[in-house]
Amino acid sequence: MNPFRRWQSIPVSFRVPAIVAILMVVITAAISERVLDRLSRIQESYLNGLAGTYLDGLSSSILPAVLRGDVWEVFDALDRSSTVYEALAPIETVVTGSDDRVLAASDPGKIETYSVLPAEYSARYGPGNVTIDGQRLTGFAHRELIYQGQHIGTIHATFDVSHLFAERREVLITLLVTNGIVAVLFAFGGFLLVRRMVGPIRVLENHMRSAAQGVAEPISANEIPRGDGEVASLFHGYNALVHAERERANFAMQLAEEEKLASLGRLASGMAHEINNPLGGLFNAIDTLKEHGQTPGVRETSIRLIERGLAGIRDVVEAALATYRPERSQHPLTAEDLEDVGLLIRPELRRKMQRLEWDVVWRSSKELPIRGGLVRQALLNLLLNATAATPEGGQVSFSATSTERMLTIDIGDEGPGMPPDIAGILLDRDPGPAVRAGRGLGLWMVRRVIDDLGGTIKIGEKSTGGTAITLLLPLEWEDQKANAA
Amino acid sequence: MVSRRTYQEITALLVSGQIHAAWICGYPYVQYKADLDLVATPSWHGKPLYQSYLITTQGRDVGDWTRLHGDIHAFSDPDSNSGFLVTRALLAENRMLPDQFFSRNFFTYGHRNVIRAVASGLAQSGSVDGYVWEVMKEIEPSLVNRTMIVRKSEWLGFPPIASAKSLASDSRIAALRDALVSMSGDREGRKVLEMLRLDGFLVTPPALFDTIAAKVETVRQFG
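Reading the values: the criteria
- Residues numbered from 1 in each chain as written.
- Chains lettered and ligands numbered in written order.
- Predicted model: local features only at pLDDT ≥ 70, side-chain atom pairs only at ≥ 80, totals over all residues.
- Heavy atoms only, no water.
- Contact = heavy atoms within 4.5 Å.
- Buried area = accessible area lost by both parts, 1.4 Å probe.
- Salt bridge = Lys/Arg side-chain N within 4 Å of Asp/Glu carboxyl O.
- Polar contact = N/O pair within 3.5 Å; in protein donor to acceptor, adjacent residues only side chain to side chain.
- Helix = DSSP H or I, 4+ residues; strand = E, 2+ residues; numbered from the N terminus.
- Nonpolar A, V, L, I, M, F, W, Y, C, P; charged D, E, K, R; others polar.
- Pairing = 2+ DSSP bridges.
- Axes fitted to C-alpha atoms, helices over the stretch in contact; angles between N-to-C directions.
- Buried < 20%, exposed > 50% of the residue type's maximum accessible area, 1.4 Å probe, protein only.

> Break down the interface of chain A and chain B for me, citing the residues and quoting the values.
Counting residues at the interface gives 14 residues for chain A, matched by 13 residues for chain B. Carbon and sulfur atoms supply 58% of the area buried between chain A and chain B, which totals about 1100 Å² over both sides. The interface formed by chain A and chain B includes four salt bridges. At the boundary of chain A with chain B, the tally comes to three residue pairs in polar contact (both at pLDDT 80 or more). Here the side of chain A that touches chain B takes six residues from helix 3 (residues 71-84) of chain A, the largest share from any one element. When its residues are assigned to classes, the side of chain A that touches chain B shows six nonpolar, two polar and six charged.

> Which residues make up the sheet that holds strand 1 (residues 90-97) of chain A, and what values do they have?
Residue and element names in this part refer to chain A. The strand order 2-1-5-4-3 describes an open sheet built from five strands, whose pairing is antiparallel. The strands lining the two open edges of the sheet, one partner per strand, are strand 2 (102-105) and strand 3 (131-133). Between one strand axis and the next, the sheet turns through 20 degrees on average, direction left out of account. In this sheet, strand 4 (residues 138-147) lies alongside strand 3 in antiparallel orientation, the contact comprising three bridges. When the bridges of strand 4 are listed, T131 appears paired with F140. Contacting strand 1, strand 2, strand 3, strand 4 and strand 5 (150-160), helix 2 (residues 12-68) runs over the sheet at an angle of about 40 degrees to strand 4.

> I'd love a proper account of the sheet that holds strand 7 (residues 355-361) of chain A, names of residues and values included.
Residues and elements named next belong to chain A. Read from one edge to the other, the open sheet built from five strands follows the order 7-9-10-12-11, with strand pairing classed as mixed. Looking at strand neighbours, the two that pair on one side only are strand 7 and strand 11 (456-461), the edges of this open sheet. If you compare each strand with its neighbour and ignore which way they point, the axes differ by 10 degrees on average. As defined by bridge partners, strand 7 adjoins strand 9 (residues 395-402) across seven bridges and the pair is classed as parallel. By the bridge assignment for strand 9, L356 is matched with V396. Docked against the sheet, helix 10 (residues 420-427) engages strand 11 and strand 12 (467-474), running at close to 150 degrees with respect to strand 11.

> Provide a residue-level description of the side chain of A:N179, including the pertinent values.
Residue and element names in this part refer to chain A. Tracing the chain through its elements places N179 in helix 5 (residues 162-212). On the accessibility criterion, N179 (14% relative accessible area) is buried. Among all residues touching N179, those that are not within four sequence positions of it are M24, T28 and S32.

> I'd like a description of unusual backbone geometry, backed by residues and values.
Residues and elements named next belong to chain A. Its identity as a non-glycine residue notwithstanding, D100 has a phi of 65 degrees, on the positive side. Of note in this structure, M353 is not a glycine but carries a positive phi near 55 degrees. Relative to the helices and strands, M353 resides in the loop between helix 8 (335-351) and strand 7. Residue M353 is classed as exposed on the basis of its relative accessible area of 56%.

As structure tokens, then:
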């Protein structure tokens, strides 16, 4: 995971305090740098002033003694000045004559009188009044002694500047500690603030997760903050959404139920019609039997009529049973299944005075390795849709061909064409809003069946007008399964 | 009361009559003996005598004074007996001048300054009044203990109170002498003497300073 994604994966209630802390560190660093730089300039200016005063005072007091080469007077002046200029903390002062030999040093034991001044003393000065050696915590300054335009000697002074560095260090520590405490407080404050801000979002998130799992509950009134108008508005909005969704779901369930009932009603009326048709003939045959039953020719003819009528009724009842009994849906598909579908749709065709163009090319094998019950349900639904879409007196087509691996079924109608949102139920990954609105539930059942069978659906337009729906259903023979295994 | 930095200034004021009496050194007294009278001489440890010390830095390995050869030397005052003349006469007796025996020498114009110069290392050795060194050892032991005595001179006449000879008959001089001599009998006087670590003041003959006069002569003869 790259650092940016890793950073984004950290919860916002930690990210914001971290950003605040990082910002404070950056601000602290910038402020500290400016403060220390300013302090450093003030200290240098202060030190320059002190050193200048020291050298001015000393040079005026020792000038006559240097002119005379009076070792004692120079030493005495240095000795006295060491206590007078305590603020400057002079460590060592050396006075040389015009020949650069030492007249007197504040510590004669280290720099002997009349000795030649070590070269390092002359080489240690920078361009400013006072040169600071940060490593040795000392400052250096020198002053030429001029009498009537003549160089008569030099004062070389060394100061202890450790207190300046100690002061800088103290200021730095104070800045770091103070800003560190402020940064921690800000970060903690940010953490609390963000947690407080994120808290309601968590409530919303939990409700949405529950909703995704199918339990969409509105946010209770005591969870809605009273003071926070934006969050309260958000929660009220969510609750309105939940209520609307519930209403829509109820409506969809109601519609589905109605659709189911309508579908069943149509089937039932079809079946009743199918049963009723032969019933007239049967009653006629029974009347004939009553009156002329003793006549052998009439009796046999009547009994055959009754047999054919009852066989027709039996076929219709069996077809309905085969289609709507779940335990029968697992059997392999046979040519009879398709014929049953033709039988079941016939009353609807007849009602609308429609013709069915039937074209089934069945392979030699009796059964195809695909669940027959599911196919029957899907085909019956599609044919019912086709008859509904086709105007009265129109034609509905049905063709089925199978190859070694594939069963292809085409169902055509003469309707005005399928609206895109309804076609989406069959084709799209997400069945879309049509199903949620309670429309096309029959097609949604077809879609589920075809998905379950691993097949695909295509929708095309027929050249003669109308819609052609093609189902491609894969066939899985036992030997293929064995090979796959 | 008048104070001056150098002996020479005080002696000049005294001899010229600008001041009536002064506590001067035996050396200027001998030099201007013809113009000066002794008023009284301090008595230290029962005698009107003191010594000159040659001192050096404490702990230095020095056998005798000749080992001070090549030193930077601190003198007190060119008109001081103990702080210059005694050492100069010692060198003259040994046929040497200070500039030859010492690598460098300078004047500090004060016996305490000589001690400070040697204690600080500004000078490796110095010529100092033995009385001053001993008294300062009590008062400022931290300073004096950083020095040690290399040589003590013979006992010499203590720096006297002198007056101009022209005032010999002046009653104020007599009164001063009486006051000084009777100081040890007076309570306030004893306080002063205790502060100075002196016993009192004595009337002494001019011959007390003959030994100093002899040193002057030695130096003069050597040049």
